[in-house]
Amino acid sequence: MADATPLPSLGSQGARPDGGSLWETIINGPVHSRRLGTSLGLNLLPARSKLCTFDCPYCECGFNTPQAARARWPSPDEVAHSLRRALTRLTRLPDWITFAGNGEPTLHPRFAVTVERVLVVRAELAPGSRVGVLSNGLAAARPAVRDALMRLDARMMKLDPGPPERVNGARYDAERLADVYRTLKPYTVQAMVTRGRDWDGASAASLEAWLPLVARADPDVVHLYSLARPPADPTLQNVPRERLAEMAAAIRRTLPRCVVEVF
Ligand code: SF4
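So, a few notes on the structure that sits alongside this text. (Residues numbered from 1 in each chain as written. Predicted model: local features only at pLDDT ≥ 70, side-chain atom pairs only at ≥ 80, totals over all residues.)

Once that is clear, we can look at the overall build of the protein. Within the protein, the secondary structure is distributed over 7 helices and 11 strands. The C-alpha radius of gyration computed for the protein amounts to 17 Å, which stays within 12% of the reference 18 Å derived for 263 residues, consistent with globular compactness. Along the first, second and third principal axes, the C-alpha atoms of the protein reach 50 × 40 × 35 Å. Taking all 263 residues of the protein together, the buried fraction comes to 46%. (Helix = DSSP H or I, 4+ residues; strand = E, 2+ residues; numbered from the N terminus. Rg over C-alpha atoms; globule rule 2.2 N^0.38 Å. Buried ≥ 20, exposed ≤ 12 C-beta atoms within 10 Å, placed from the backbone.)

See below:
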């Protein structure tokens, strides 16, 4: 989940030889995010593994890996303990505590219980911090996952322009995803706009195909941005801010009540 600048960090991160970098800890950050301000990340993925139901070429974690040998999912209590320790060590509490790490957080087999434990720690130690999630939404139709997502202060759900099998490295039913997103309101669409070797998420054709999906998903907020950190695929290209602003204007015409921000 791209978009973050490291600050003096409680967690540790290691570069992968094949590109990208992985958090080595449950806690990542705090980082300063263009979209969130100060955010303390929670990585729920097994160690040394990048696991996601998408495989976006722009992912700052690199491409997907198998689950590493002897690596396991952290238990809800381990996540809560790590968060508790981090919050007591920070000199300033983060604006956000965000489920985001080496892949898709809702893949955690006990995601709902983990959310419960994290909300308890937040209420006790950081009641002014909001708790959010960065997710690709593919698991959000499952009632337990949806209910857990709805307990959070913010749901930032991925819906990128461009051919899904290229921009997200996965085939999925985008209309069905948009329908699921409507059940998560209020929520934010986070849209990464990039260009590959033979596709362009910022092209007129991509915009024309994407706008009806955004309208169908009916988000309250859309965040548009391009690359800020090295992508998994080094041939990927940034999209200029001027083009992002044009795309934002098109969304505002389609969804006049939606707040659209370019980063
Ligand atoms: S949705 Fe894409 S960017 Fe986010 S973790 Fe998965 S592969 Fe990376």
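Here the narrative resumes.
Attention now moves to the nonpolar core. Inside soluble globular proteins, nonpolar side chains tend to come together where they are buried. In terms of nonpolar packing, the biggest core is built from 66 residues, with Leu42, Leu83, Ile97, Val118, Val193 and Leu224 touching the most fellow members. For Leu224, the residues in contact, after removing those within four places along its chain, are Ala191, Val193, Leu244, Met247, Ala248, Val260 and Val262. (Core = buried A, V, L, I, M, F, W, Y, C linked by C-beta atoms within 7 Å. Contact = placed C-beta atoms within 7 Å.)

Right, let's talk about unusual backbone geometry for a bit. As a rule of thumb, non-glycine residues mostly have phi less than zero, and peptide bonds are mostly trans rather than cis. Of note, the bond from Gly29 into Pro30 is cis; its omega dihedral lies within 30 degrees of zero at 10 degrees. You can see Pro30 is positioned in strand S4 (residues 27–33). Positive phi, close to 50 degrees, is recorded for Asp218, a residue that is not glycine. Relative to the elements of secondary structure, Asp218 occurs in the loop between helix H6 (204–217) and strand S10 (221–225).

For the pair helix H2 (residues 111–125) and helix H3 (residues 143–150), the least separation of the axes is 9 Å and the interaxial angle reads 20 degrees. Judged by the angle between their axes, H2 and H3 are roughly parallel. Two packed elements cross with a definite hand, and for H2 against H3 that hand is left-handed. Here H2 contributes Phe111, Ala112 and Val115 to the contact with H3, which in turn contributes Ala144, Val145, Asp147 and Ala148. (Axes fitted to C-alpha atoms, helices over the stretch in contact; angles between N-to-C directions. Parallel < 35°, antiparallel > 145°, perpendicular 65-115°, else oblique. Left-handed = near helix turned anticlockwise from the far one by under 90°.)

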